[in-house]
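Structure at a glance
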Amino acid sequence: MIAVDLYLLKPAKVSVDQLALLPDALSPTERQQWQGIHHQGRRQEFLVSRVLLRWLLADHLQCQASELLFCTNPHGKPELSDQRWQFNLSHSGDWLVIALCAKGPLGVDIELGQRRRQTLPLARRFYATSEYEWLATLPAEEQESAFYRLWSRKEAVLKAHGAGIAAGLDKICFVPQQEWRLDNRLDEHDYQVQDWPLGGGWLSLAAPTLAVNGWLLDDNLKSAPINPMLTHTIFQETAS
């Protein structure tokens, strides 16, 4: 059975000793990009995400990380040049998630909702009419979380599609009243979408399968299994 592997970590918590080993694994282009980042948090996130992605893909493909060649699709989405494996990344707040799958399309998104926003006006502007109307019926204290749950689900599908948010949030319409059924007005793919609470926000995955293996990485980038299919509370516990 095809399964998606989800790897969760907090780049800021990676140990100093581990960080010292990572720059040598960057490609010349990646090293140049990394050296050009001056914000310490973003610099560390870039380093950890790029090297970890290489290591994980190399492990799945049984090859050397240095053998992997990357390119971008016409919309700028990174992918392997030979497309032997699909991947997608997302970060928000302290969290980074990497999704890997043998077949696509694949998209993952984290939305922690850390910026306070007037969510209903944004939903009216960017969401499908039915989604806006559903949000408007919710109690005020529930609207913000529901808004970001919708946003995360939509973004995951748009990232799987490959064009990103430019393709239109309103073309991905969910029906929460019907177990979050997807009304796909974007393309012909049958996306399987699921989500989990994470750090006060939402982690969403769009993939060709509902089978998911979850992995939590520690400060030495060692992984321990979690099973996001068992219960939504696992990610709430992970976020604490």
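Scoring rules and cut-offs
- Residues numbered from 1 in each chain as written.
- Predicted model: local features only at pLDDT ≥ 70, side-chain atom pairs only at ≥ 80, totals over all residues.
- Heavy atoms only, no water.
- Helix = DSSP H or I, 4+ residues; strand = E, 2+ residues; numbered from the N terminus.
- Pairing = 2+ DSSP bridges.
- Axes fitted to C-alpha atoms, helices over the stretch in contact; angles between N-to-C directions.
- Contact = heavy atoms within 4.5 Å.

On to the environment of Val 212, then. Tracing the backbone through its elements, the reader meets Val 212 in strand β11 (residues 212-217). Along the chain, Val 212 and Gln 194 lie 18 residues apart, while their C-alpha atoms are 9.9 Å from each other.

Here three strands make up an open sheet; going across it, the order is β6-β10-β9 and the pairing antiparallel. The open sheet is flanked by β6 (107-111) and β9 (192-198), the only strands paired with a single partner. On average, each strand axis in the sheet is tilted by 15° relative to the strand beside it, whichever way the strands run. As paired elements, β9 and strand β10 (residues 201-207) share seven bridges and run antiparallel to each other. Each residue of the ladder has a partner; that of Val 193, found in β10, is Ala 206. Contacts from helix α6 (residues 140-161) reach β6, β9 and β10, with the element oriented near 155° to β6.

Spatial strand order, β4-β5-β1-β11-β12: five strands in an open sheet with mixed pairing. Taken across any chain shown, the strands that pair with only one partner, and hence form the sheet edges, are β4 (86-92) and β12 (223-226). Shown here is a sheet whose adjacent strand axes are inclined to one another by a mean of 20°, direction ignored. Here strand β1 (residues 4-9) runs beside β11; their pairing, made up of five bridges, is parallel. Considered in β11, the bridge of Leu 6 is made with Gly 214. Most of the contacts of helix α3 (residues 40-61) go to strand β5 (residues 95-101), to which it runs at about 25°, and overall it touches β1, β4, β5 and β11.

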